[in-house]
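Architecture and fold: a report
Residues per chain are reported as follows:
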Amino acid sequence: METKLKLGVLGSGSGSNMQAIMDAIESGELNAEIVLVMSDFPDAYILERARKAGLRAEVIDCAGYKTKFPDESQAAVAQALKSAEVDIVCLAGFMRLVKQPLLDIFPNRIINIHPSVLPAYPGLMAWKQAVDDGASESGCTVHYVDAGMDTGPIIMQAKVPVLSADTAETLHQRIQLEEHRIYPAAIKQIATKL
Ligand code: GRF
């Protein structure tokens, strides 16, 4: 794709991966623009980060549910992303399971960053799972999102050694350095196939 890629970002946390994407755009490494940022938490730093950068940032109304992503909310998000003419939806620390109609409306166009070398350690706090398991290495994966939990086709992965002194937190910090490297690179890679 030679024209500028339009990205939508969904996140629930600090948005450091979105920052890495913004930095790659700023440096000219990635020919893209972030046209819409959405979060299920009104206080998530990803929204503040987006607004500070002058990006459009909106809260997703999940009807009071703490973890569920209700059908109506998914439909509203799909509509917002569609109206913003988003080409690729990037999940960046988004904590709810994406399903229909979002998956149908953006087939093979929703991607996620996960903090393990999938298929190892899917699900929550994958860095802690790796430390608790005594793994000698872990890492991160960018993958397409399907209806499963961290099961979609893999786009790019990076490995990170688990050190004997590692806690879950220190491992996560080092994994995040690799996340910030491979997420923009994976977007660039899939953009060539659109
Ligand atoms: C990352 O570790 C990502 O792999 C996981 O959630 C975390 C989000 O971090 N899915 P951030 O909000 O991008 O800083």
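It should be noted that the structure appears before, not after, this text.
Figured I'd write up the structure that's included with this text.

Scoring rules and cut-offs
Residues numbered from 1 in each chain as written. Predicted model: local features only at pLDDT ≥ 70, side-chain atom pairs only at ≥ 80, totals over all residues. Heavy atoms only, no water. Disulfide = S-S within 2.5 Å. Salt bridge = Lys/Arg side-chain N within 4 Å of Asp/Glu carboxyl O. Helix = DSSP H or I, 4+ residues; strand = E, 2+ residues; numbered from the N terminus. Buried < 20%, exposed > 50% of the residue type's maximum accessible area, 1.4 Å probe, protein only. Near = heavy atom within 4 Å. Polar contact = N/O pair within 3.5 Å; in protein donor to acceptor, adjacent residues only side chain to side chain. Areas by Shrake-Rupley, 256 points an atom, 1.4 Å probe, with all protein chains shown as cover. Nonpolar A, V, L, I, M, F, W, Y, C, P; charged D, E, K, R; others polar. Expected span 1.5 Å × (residues − 1).

This next bit is on the state of the cysteines. Scanning the model with the defined rule gives 0 disulfides in all. Summary of cysteine pairing: Cys 90 is not part of a disulfide, and the nearest cysteine sulfur, belonging to Cys 140, is at 15 Å.

With the rule as written, the count across this model stands at 10 salt bridges. Lys 188 is paired through a salt bridge with Glu 29; the nearest N and O atoms lie 3.1 Å apart. With Lys 188 in helix α6 (residues 168-191) and Glu 29 in the loop between α1 (16-26) and β2 (32-39), this pair connects stretches of sequence that are 159 residues apart. A relative accessible area of 38% means that Lys 188 is categorised as partly exposed. For Glu 29, a relative accessible area of 46% puts it in the partly exposed group. The shortest N-O distance in the salt bridge between Asp 132 and Lys 128 comes to 2.8 Å. On the criterion of helical spacing, the pair formed by Asp 132 and Lys 128 is a turn pair, its members being 4 residues apart in helix α5 (residues 126-132). On the accessibility criterion, Asp 132 (56% relative accessible area) is exposed.

Around the ligand, the surrounding shell consists of Gly 13, Ser 14, Gly 15, Ser 16, Asn 17, Gly 93, Ile 113, His 114, Pro 115, His 172, Gln 176 and Glu 179. Side-chain polar atom of Gln 176 to an oxygen atom of the ligand: 3.1 Å apart, as the coordinates give it. When the free accessible area of the ligand is taken as 370 Å², the share hidden by the protein chains comes to 87%. Put simply, the parts of the chain that give the shell around the ligand at least two residues each are α1, β5 (110-114) and α6. Among the elements that make up the shell around the ligand, the one with the highest residue count is α6 (3 residues). Each residue belonging to the shell around the ligand can be placed in one class, and the counts come to 2 nonpolar, 9 polar and 1 charged.

Further remarks concern α6. Along an α-helix, residues three or four positions apart point the same way, because every turn accommodates 3.6 residues. For α6, spanning 24 residues, the distance from its first C-alpha to its last is 33 Å, which sits close to the expected 34 Å at 1.5 Å a residue. Listing the buried residues of α6 in full gives Ala 168, Leu 171, His 172, Ile 175, Glu 179, Ile 182, Tyr 183, Pro 184, Ala 186, Ile 187, Ile 190 and Ala 191.

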